[in-house]
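# Observations on the three-dimensional arrangement
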Amino acid sequence: MLTFNDLLALEGIDSNGVRLVRHQDSRLGRGRLYEAWRNDRDAFESYASVQSKDRFPLDCFLAEFVVTEAQKTVFVGIYRVDGVDRCPSGSTDALLKHDISGHFCYDLKLMNHLAAYRDRVVIDWGAGTRSWVQRAANQPKTVVEVAKQYEPRFPGFREFVRPVDDVPTLPNGWQQVLRSVKGVYLLVDLDSGRQYVGSAKGADSLFGRWMQYATDGHGGNIGLRRAASGGRRRYQVSVLEVVDENTPDATIEQIESYWKNKLLSRTFGLNVN
């Protein structure tokens, strides 16, 4: 039975100096951290370097794992703790956008150790094991899979439904699909149920338009700005209709108007025109 400690030993790393770190954050949704690791490595590493408590000793190694949407615990790298400081006042988390003023911020250096196993080794963390930081020497985790991990298949436009805040960390393949098509989409306020119908005609098509909402929460729309007057709203985004890339903007706007009429989003939703 192969364990992760066996892999450390083959690399000449003493497991006594290694902490196993398993990242899974319900605030980001299932699999979102893994997608961030794949698609926005800087943001993931910034997120992983900040802790509310002083958890990691200097010069120790961190074997980092991330939970995928399929609930697999995948190895993503060995980091060395080179230093620790406090986050200055006004600091925000790279992924959650929460205030992290005063939190511990570690200087983590990605090492070449076990580089060939990144995004390949899957371990059994242990059923019911709640601690997300453990000493490797005390926890010989079983390796259950050594295979390249692939991003989930794009579900198709009819099935695609995601929170707007997840858009920046969608799998690369999904992003490319959404960049390739123009069309009409639907935003639904997850708290009030109010709807907004919009269209994507510009650069990066659907993905580019949705990124604007993920960035500022309203994308410049009057109705969404008004809704956000009391604080940022949570929206779900889906696709109503896609069009050929050569479709004139005027035609797309007509299709958008048809959907506004069908869904009564001007009367009961967030569209103001």
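Residues numbered from 1 in each chain as written. Predicted model: local features only at pLDDT ≥ 70, side-chain atom pairs only at ≥ 80, totals over all residues. Heavy atoms only, no water.

Our focus in this paragraph is the environment of Leu270. Considering the arrangement of structural elements, one finds Leu270 in the segment after α7 (249-263). Placed 172 residues apart in sequence, Leu270 and His98 show a C-alpha to C-alpha distance of 27 Å. Residues in contact with Leu270, not counting those within four places in the same chain, are Arg194, Gln195, Tyr196, Gly223, Leu224, Ala227, Tyr235 and Ser265. (Helix = DSSP H or I, 4+ residues; strand = E, 2+ residues; numbered from the N terminus. Contact = heavy atoms within 4.5 Å.)

The next thing to look at is the environment of Ala43. Along the chain, Ala43 turns up in helix α3 (residues 41-48). Residue Ala43 is classed as buried on the basis of its relative accessible area of 11%. Beyond its immediate stretch of four places on either side in the chain, Ala43 contacts Ala94 and Leu95. (Buried < 20%, exposed > 50% of the residue type's maximum accessible area, 1.4 Å probe, protein only.)

Moving on, we get to the side chain of Asp93. Along the polypeptide, Asp93 turns up in the loop between β4 (73-86) and β5 (104-110). Here the side chain of Asp93 touches Leu95 through a polar contact of 2.8 Å, landing on its backbone nitrogen. Discounting chain neighbours no more than four positions away, the residues touching Asp93 are Tyr47, His98 and Ile100. (Polar contact = N/O pair within 3.5 Å; in protein donor to acceptor, adjacent residues only side chain to side chain.)

Before going further, it helps to spend a moment on unusual backbone geometry. Positive phi, normally seen in glycine, also occurs at Lys97, with a value near 65°. With respect to the secondary-structure elements, Lys97 resides in the loop between β4 and β5.

Tallying each qualifying case throughout the model produces 14 salt bridges. The residue Lys72 makes a salt bridge to Glu145 at a minimum N-O spacing of 3.2 Å. Pair noted here: Lys72 is in the loop between β3 (61-67) and β4 and Glu145 is in strand β8 (residues 142-146), with a separation of 73 residues, a long-range link. For Glu145, a relative accessible area of 24% puts it in the partly exposed group. (Salt bridge = Lys/Arg side-chain N within 4 Å of Asp/Glu carboxyl O.)

So, about the sheet that holds strand β10 (residues 182-189). One open sheet accounts for four strands, arranged β9-β12-β10-β11; its pairing is antiparallel. This sheet does not close on itself; its edge strands, each paired only once, are β9 (161-163) and β11 (195-200). Averaged over all neighbouring strand pairs, the angle between strand axes comes to 30°, with direction disregarded. Examined bridge by bridge, β10 and strand β12 (residues 235-243) share eight bridges and lie antiparallel to one another. Note on β12: the bridge partner recorded for Asp189 is Tyr235. Along the sheet, helix α5 (residues 205-216) makes contact with β10, β11 and β12, crossing β10 at roughly 30°. (Pairing = 2+ DSSP bridges. Axes fitted to C-alpha atoms, helices over the stretch in contact; angles between N-to-C directions.)

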